[in-house]
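A closer look at the structure
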Amino acid sequence: MLARSILAITALIAVAPLAAQSASHSDPAHQAADAAEVPQTKALNNQVGDAVSEARTANAVAAAQNDINQQEYEADKAAYAAALREHHREVLSTDATFIRQQNAYAMAMRDWRAQVAMCKKGYQSACKLPTPDPMRYM
């Protein structure tokens, strides 16, 4: 008997919120609340949508810049290999020393490009820095 009354009370507790939600929203209090809340909710949803769009744009720009950086890196490594061939220095492209030197040259070029970009933006201290030395990256 106790179990039945507990079950009945639990069922009533579960049904009460549903009954309250199904009440008519055509009364003046609900209409006034909706009139105030709906525009604000739409504005907030629009702000979230704009933020998502901006984030997607920023991510696309970052991905494009990463692609450019990777292409520059590969070009720098190829330029280093070409410079070695030009000076009649034959090395194996799998040689660990060559790979270290090639990576050091590419990193120095990356830092030099960043230095030039900062100088062009007007940072005089960047203009006065010496050119990065690949030997410091090994």
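Structure shown above.
So, here is what we can say about the structure in this document. (Residues numbered from 1 in each chain as written. Predicted model: local features only at pLDDT ≥ 70, side-chain atom pairs only at ≥ 80, totals over all residues. Heavy atoms only, no water.)

Moving on: the overall build of the protein. Within the protein one finds four helices and zero strands. Mapped in sequence order, the helices and strands of the protein form the string α-α-α-α. Buried residues in the protein amount to 10% of all 138 residues. For the protein, restricting intrachain contacts to residue pairs at least 6 apart in sequence, the fraction spanning at least 24 positions comes to 54%. Carbon and sulfur atoms form 61% of the exposed surface of the protein, whose accessible area is close to 11000 Å². (Helix = DSSP H or I, 4+ residues; strand = E, 2+ residues; numbered from the N terminus. Buried < 20%, exposed > 50% of the residue type's maximum accessible area, 1.4 Å probe, protein only. Contact = heavy atoms within 4.5 Å. Areas by Shrake-Rupley, 256 points an atom, 1.4 Å probe, with all protein chains shown as cover.)

Here we come to helix α2 (residues 28-86). Compared with an ideal rise of 1.5 Å per residue, which puts 59 residues at 87 Å, α2 spans 86 Å between its outermost C-alpha atoms and is within 8% of the ideal. If you look at α2, its biggest bend is around 25°, right at E37, and the proline P39 turns up within four residues after that. On its buried side, α2 packs onto α3 (96-120). (Expected span 1.5 Å × (residues − 1). Bend = angle between axes of the 7 residues up to and from the residue.)

Moving on to the packing of α2 against α3. Following both chains from N to C, one finds α2 and α3 inclined at 125°, their axes separated by 9 Å at the closest point. Taken together, the axis directions place α2 and α3 in an arrangement best described as oblique. Remark: the crossing between α2 and α3 carries right-handed chirality. Residues E72, Y73, D76, K77, A78, A79, Y80, A81 and L84 of α2 touch α3, and the partners they reach there are F98, Q101, Q102, N103, Y105, A106, M109, R110 and R113. Within the contact of α2 with α3, the residues separate by chemical class into 10 nonpolar, three polar and five charged. (Axes fitted to C-alpha atoms, helices over the stretch in contact; angles between N-to-C directions. Parallel < 35°, antiparallel > 145°, perpendicular 65-115°, else oblique. Left-handed = near helix turned anticlockwise from the far one by under 90°. Nonpolar A, V, L, I, M, F, W, Y, C, P; charged D, E, K, R; others polar.)

What the rule picks out here adds up to one disulfide. Between the sulfur atoms of C119 and its disulfide mate C127 the distance is 1.9 Å. Sign of the S-S torsion, about 105° for the bond between C119 and C127, identifies this disulfide as right-handed. Taking the relative accessible area as the measure of exposure, C119 reaches 28% and is therefore partly exposed. (Disulfide = S-S within 2.5 Å.)

Take D76: it is sitting in helix α2. Given a relative accessible area of 6%, D76 falls into the buried group. Excluding its chain neighbours within four sequence positions, the residues that come into contact with D76 are Y105, A106, M109, R110 and R113.

Side-chain pairs of opposite charge can arise where the charged atoms are in close proximity. Scanning all chains against the criterion turns up four salt bridges. Among the ionic pairs, E72 bridges to R113, the shortest N-O distance being 3.7 Å. Taken together, the positions of E72 in helix α2 and R113 in helix α3 put the pair 41 residues apart, joining distant regions of the chain. Looking at E72, the relative accessible area reads 29%, which means it is partly exposed. (Salt bridge = Lys/Arg side-chain N within 4 Å of Asp/Glu carboxyl O.)

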